[in-house]
Amino acid sequence: MNPPTAPTKTPEIFQKEAMSTTASSTQERTSTKTTKPARKRPDVGTIATSYGVIIFLVLMIIVFSVLLPDTFPTSDNVKAILSDQSIPVILALAAILPLAAGEFDLSLGAILGFSAITAIALSNAGAPLPVVILACLAVGAIVGTVNAILVVKVGVNAFIATLASATILSGLNLLVTGSSLLVLGSDAFGALTTTRVFDLQVVLAYAIVLSLLLFYVIEKTPFGRYLRATGMGRDAARLSGVRVDRYLASSFIVAGILAALAGALLASRGGTAAPTLGPEFLLPAYAAAFLGATTIKPGYFNVWGTVIGVVLLAVGSNGLTLLGAQTWVTNIFNGAALMIAVSASVLVGKRRRKASS
Amino acid sequence: MITSDTDVRTGSDALRIENLSKTFSGQRALNEVSFAVPRGKITALLGMNGSGKSTLIKVLAGVYQPDPGAALTIGGTAMPLPMTPRTAHEAGLRFLHQDVGLVDSLTIADNFAFVDRFRAPGTFGPISKRRQHEHVAATLEKFAISVHPGALVGSLNPTLRTMVGLARAFQDEEESGVQAFAKNIVVLDEPTASLPVEEVDTILTSLEELKANGGTVIYVSHRTEEVKRIADQLVILRDGKLVADEPIAELGVDDIVSRVVGKRLEKTRIPRRGLREGDVVLAAQGITGRRLRGVDLKVRSGEILGVAGLVGCGRSELIRILAGAQSPSSGHMELAGKSYAPDSPATAIAAGVSCVPQERRREGAVLPMSVRENITLGRLKTFTRNGALDGRKERNGALRLIEQFSVKPADPSRLIGLLSGGNQQKVVVARAAGFGGTALLLDEPTQGVDALAKQEIANIVRGLAADGLAVILASTDFEEFVGLCDRVLILDRGRLVAEATGEDINEEHLALLCAQQGAAA
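Every chain begins its residue count from 1, and numbering advances along the sequence as written. Written order decides the labels, with chains lettered from A and ligands numbered from 1. In keeping with the model being predicted, local features are shown solely for residues with a pLDDT of at least 70 and side-chain atom pairs are shown and tallied solely at 80 or more, while totals for entire chains, interfaces and linings include all residues.

In the nomenclature of an unreviewed UniProt entry, chain B corresponds to Sugar ABC transporter ATP-binding protein from the organism Arthrobacter terricola.

Put simply, the rule reads: UniProt positions are given in the numbering used here, feature names are shortened, and annotations may be inferred rather than shown by experiment.
For chain A, an unreviewed UniProt entry supplies the name ABC transporter permease and the organism Arthrobacter terricola. Regarding chain A, the relevant UniProt record gives this comment under Subcellular location (unreviewed entry): "Cell membrane".

### Looking at the overall build of chain A
As a reminder, the rule being used: Helix and strand assignments come from DSSP, with helices taken as H or I runs of at least 4 residues and strands as E runs of at least 2, each series counted from the N terminus. Working definition of burial: number of other C-beta atoms within 10 Å of the residue's own, with buried at 20 or more, exposed at 12 or fewer, and partly exposed in between, all C-beta atoms being placed from the backbone. A pair of residues counts as a contact when their C-beta atoms, built from backbone coordinates, are within 7 Å of each other.
Within chain A, the secondary structure is distributed over 14 helices and four strands. Residue burial in chain A is summarised as follows: out of 357 residues, 50% are buried. Taking the contacts inside chain A whose residues are at least 6 apart along the sequence as the reference set, 78% of them involve residues at least 24 apart.

### Let's talk about helix α10 (residues 253–261) of chain B
Residue and element names in this part refer to chain B. To keep it simple, the criterion reads: Summarising the geometry, the arc corresponds to the directions from the helix axis toward the C-beta atoms.
All of the buried residues along α10 are I256, V257, V260 and V261. For α10, the angular spread of buried residues about the axis comes to 120 degrees, placing them on one side. Taken from the residues just after α10, G262 is the one with a positive phi, measuring 75 degrees.

### Quick notes on the sheet that holds strand β1 (residues 13–24) of chain B
Residue and element names in this part refer to chain B. In plain terms, the rule: A pair of strands is treated as paired once DSSP finds two or more bridges between them. Each axis is a line fitted through C-alpha atoms, and for a helix only the stretch in contact is used; angles between axes span 0 to 180 degrees, taken between their N-to-C directions.
Read from one edge of the open sheet, four strands run β2-β1-β4-β5, paired in antiparallel fashion. A single partner strand is all that each edge strand has here, and the edge strands are β2 (27–38) and β5 (77–78). Pairing of β1 with strand β4 (residues 71–74) involves four bridges; the strand directions are antiparallel. Bridging from a neighbouring strand, L15 pairs with I74 of β4. Of the strands in this sheet, β1 and β2 touch helix α2 (residues 53–60), which is tilted by about 65 degrees from β2.

### Points about the environment of Y226 of chain A
All names here are of chain A. As for its position among the elements, Y226 is in helix α9 (residues 222–232). Y226 gets classed as buried once you count the C-beta atoms within 10 Å, which come to 22. Each residue touching Y226, except ones within four places of it in the same chain, is listed here: A237, V242 and Y247.

### Concerning the nonpolar core
The test is simple: To define a nonpolar core, we join buried Ala, Val, Leu, Ile, Met, Phe, Trp, Tyr and Cys residues through C-beta atoms within 7 Å and take the resulting set.
L91, A94, A95, A262 and A289 of chain A together with Y219 and V471 of chain B are the most contacted members of the largest nonpolar core, which totals 251 residues. Element by element, the count of residues in this core is highest for helix α11 (residues 244–270) of chain A, at 18 residues. Non-local contacts of A262 of chain A, meaning those with residues more than four positions away in its chain, are made with I87, I90, L91, A94 and L112 of chain A.

### With respect to unusual backbone geometry
All names here are of chain B. For the bond from K408 to P409, the omega torsion is -5 degrees, close enough to zero to count as cis. Unusually for a residue other than glycine, E32 sits at a positive phi of about 45 degrees. Along the polypeptide, E32 turns up in strand β2. By the C-beta count within 10 Å, which is 15 here, E32 ends up partly exposed. Despite not being glycine, S406 shows a phi value in the positive range, around 40 degrees. Mapped onto the elements of the fold, S406 is located in the loop between α15 (391–404) and α16 (421–433).

### A word on the interface of chain B and chain A
What counts here: Three residue categories are used. Nonpolar comprises Ala, Val, Leu, Ile, Met, Phe, Trp, Tyr, Cys and Pro, charged comprises Asp, Glu, Lys and Arg, and polar comprises the others, including Gly.
Between chain B and chain A, the residue contacts involve 30 residues of the former and 22 residues of the latter. Residue assignment for the side of chain B that touches chain A shows that the elements contributing at least two residues are α12 (345–351), α13 (360–364) and β18 (388–389) of chain B. The class makeup of the residues in the side of chain B that touches chain A is 17 nonpolar, six polar and seven charged.

### Observations regarding the domain arrangement of chain B
Residue and element names in this part refer to chain B. So the rule is basically this: These domain boundaries are the output of an automatic or database domain assignment.
One can read the domain layout of chain B as domain 1 (2–261), domain 2 (267–352 + 439–521) and domain 3 (371–436). Relative to domain 3, the C-alpha centre of domain 2 lies at a distance of 25 Å. The residue makeup of the side of domain 2 that touches domain 3, split by class, is nine nonpolar, one polar and two charged.

### Section: the environment of I168 of chain A
Mapped onto the elements, I168 of chain A comes out in helix α6 (residues 158–177). Remark: the alpha-carbon pair of I168 of chain A and A262 of chain A, spanning 94 residues in sequence, is separated by 19 Å.

### A few points about the packing of α16 of chain B against helix α17 (residues 451–466) of chain B
Residue and element names in this part refer to chain B. Stated formally: For classification purposes, angles smaller than 35 degrees are called roughly parallel, those larger than 145 roughly antiparallel, those between 65 and 115 roughly perpendicular, and all remaining angles oblique. Rotating anticlockwise by less than a right angle from the far helix to the near helix defines a left-handed crossing, while the corresponding clockwise rotation defines a right-handed one.
Following both chains from N to C, one finds α16 and α17 inclined at 10 degrees, their axes separated by 10 Å at the closest point. Compared by their axis directions, α16 and α17 come out roughly parallel. Relative to α17, α16 is oriented so that their crossing is right-handed. Across the interface between the two elements, G422, N423, Q425, K426, V429 and A433 of α16 pack against A453, I457, I460 and L464 of α17.

### Regarding the packing of α9 of chain A against α11 of chain A
Residues and elements named next belong to chain A. Viewed as axis vectors pointing N to C, α9 and α11 meet at an angle of 100 degrees, and their least axial separation amounts to 9 Å. By the angle class used here, α9 and α11 are roughly perpendicular. Across the interface between the two elements, Y226, L227 and T230 of α9 pack against V244, Y247, L248 and S251 of α11. Residues that form the contact of α9 with α11 fall into these classes: five nonpolar, two polar and no charged.

### Notes on the confidence of the model for chain B
All names here are of chain B. Applied cut-off: Across the chain, each position has a pLDDT score giving the predictor's confidence in that residue, from 0 to 100.
Summing up the model confidence of chain B, the mean pLDDT is 81 and the portion of residues at 70 or higher is 86%. Per-residue pLDDT stays below 50 along residues 1–10; that stretch engages in eleven contacts with residues further than four places along the chain or on separate chains. Scored below 50 in pLDDT, residues 173–179 shows seven contacts in the model against residues more than four places distant or in partner chains.

### A short note on the pairing of β4 of chain B
Residue and element names in this part refer to chain B. Side-chain alternation along β4 places L72 and I74 on a buried face and A71 and T73 on a face that remains uncovered. Where β4 meets β5, two bridges bridge the pair, whose relative direction is antiparallel. Of the residues in β5, the one forming a bridge with T73 is A78. Between the antiparallel neighbours β4 and β5 lie two residues, among them G75 with a positive phi of about 55 degrees.

### Some words on the pairing of strand β20 (residues 470–475) of chain B
Residues and elements named next belong to chain B. The element β20 is largely enclosed, with a buried count of six among its six residues. Across the two faces of β20 the burial is the same, with A470, I472 and A474 and V471, L473 and S475 all buried. Note: strand β13 (residues 304–308) against β20, five bridges, orientation parallel. If you follow A308 over to β20, its bridge partner there is S475. One ladder, built from five bridges, connects strand β19 (residues 439–443) with β20; its direction is parallel. For L442, the partnering residue across the bridge sits in β20 and is L473.

### Describing the sheet that holds strand β22 (residues 495–501) of chain B
All names here are of chain B. On the basis of which strands lie adjacent, the open sheet formed by six strands has the order β16-β19-β20-β13-β21-β22 and mixed pairing. Taken across any chain shown, the strands that pair with only one partner, and hence form the sheet edges, are β16 (353–356) and β22. The mean angle between the axes of side-by-side strands here comes to 20 degrees, regardless of whether they run parallel or antiparallel. Packing of α16 onto the sheet brings it into contact with β16 and β19, and relative to β16 it is tilted by some 175 degrees. Relative to the sheet, α17 contacts β13, β19 and β20, its axis offset from that of β20 by approximately 150 degrees.

In structure tokens:
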């Protein structure tokens, strides 16, 4: 799984293909209603594309539970997965905002890393907790704004613009850390995420609240609708009176803020920050976002699909690790899951389009 | 002498089409068309929009597969059908499309090379820049183009671009000079459409020189004057049928126009509405842009104003400027007596001016979204409660507009991409006109729309105007204006050159007005 080497067209191609899946399935539905009552039930293909990821997740949980009855289906393991995945969920949610608007933001991992380093550095320098958090969010907002200006005002390809800002941030990371590991000295800052609520780390609550908030914004407000219109038909949206530039810009800025928040939480929870922290979080976030776009609402980058994408990848790597698999197996699993889910969605879409024409 | 040479070898017809038909899902785009293109002559191919011209060219280019039973002979050799782009090229067919098909970011030499080939020994052999440039320079010289082969195509002005495209169409790999000219058949699709009038002469002159050197040309154009000047033979298509195949010499511009338009008496004429004298809603003075050269217009409440013109006349630019999608380089606009200078479509819509853009699939509809989402796009503020979307309100609003604009099927949750072109367009019109406003701009609103939907859209527009909306309808399809517009302005190469009202708004007269402009200029 290595998106950055692919041409910048990747998301569009994927979107288009995935969308045609929805297109044909809707046609199926409506045409059965009106003309062909014979084919009422959606076929295997429709189910596979809409719920394939969920079915696969359930199967995986069953298989791991059978194979590892003592270690996998335990409350401790479930809690560990949920707490561990809270921060990746927030970063994946950040990723779907620019994706919904039709653009890639490759700087999100770097923003997370720089924000984490900033948090520990400021906290160790004696800054009070609110100041640390605000500073981190400001970092995210600034980088997001720079990305937005480059993409919207100057007209730089988003892939390149955000790659450039990511590279700058990785340099700043080395500068701030002096190329050595930063260790958090403050317990108060650590408590921000590790305080237990109902026997779970509070960071999970943050992820849930942010998911609900983003779900509301993307699905239930004009903002979300216009954001999607910007991604799906920018010219048409603009000529219909949607200020597409604003939506595009705000998607980068909000994504930057969310990624920075994820970084601050990561620093709080982990207590350390390596000078190279960040980029390794980017690809799993995108993998989850793309997996998410094949499920719940196929063809759309959607919040719950993305959350399920994160959980799927986490359950896979957790189960494989408990089975004693080495790290390389996990990576192959993640890549293969993405490859298969997206390919299946595209292939079924093609087949159905052919059948309907 | 060249002509006699080739006569001996291949006969006098460079290309012969027999019994060519093409059916698209039951619709006949071409109906048993047969004609011949004489060698060493310029043959004009004329026809209105939808006459089958482009289908014919695409069959020649190997894009479309003709219906069985057709025969195609090129240079005396029967071609296997369907053609492929490769067999077309090998038979000497060269196509110069309206957009010329050059890549802006490459040099002239590179643009030449990827049509024929790079001057290299084999696919992986080293490319010799020097040899390539020499070859290209020689061809350019023949066309009196004084630009270095290493110049970027993007740096050329439109006329030079067209000339380079022309030169490329006539180059030939190993054969040099006159022989290559004699072998190739160049199909030019409206090469002068987007050129300023003073530059057209350059292109026509070089075509005449080409002919003098034995070149064979098929010239597709709407500009009757140009055709009259350079063509020897006239081929006219109407509704997919061949209606004329004759020498041009004896025909006047009027004769040509009437053959192109045909007598359409069988068509039911829609009763014209009486012109109402409302207040001036939208006025523009001296609008200048990339193509427009100072356009003045006024449209009144309740009036349907047509803007007619050929491809490249600046009609789309005018609509885009009025709709706030593009800024004029100079000029002044007023809306209901107040200065109007929209910086975006959003501003224009807020001021009461909305538009139905030309390219429905790209600029009109968001294809992966539902009918409901498309109708309410840009107007969601009406459908919120405490900042959140009110699903029921939105659905009801969409249903109301679906009914008002008779969108079929009346299903707001259906994806717009699954509707017919006509119904997609009704959705776009509903969005533009269903939320109030004082002026509606339509750019080719019935392009790619079936006859019934065309009628329905015309009725909708008529109803909107009757309710007091000021409508501007821009189109290259003159049929669209008949029975609908109160007044039609003729736009030619960025200037308004004529106006038609009343009984003068008929296809023949409008076509004649456009054709005459070429003559006047």
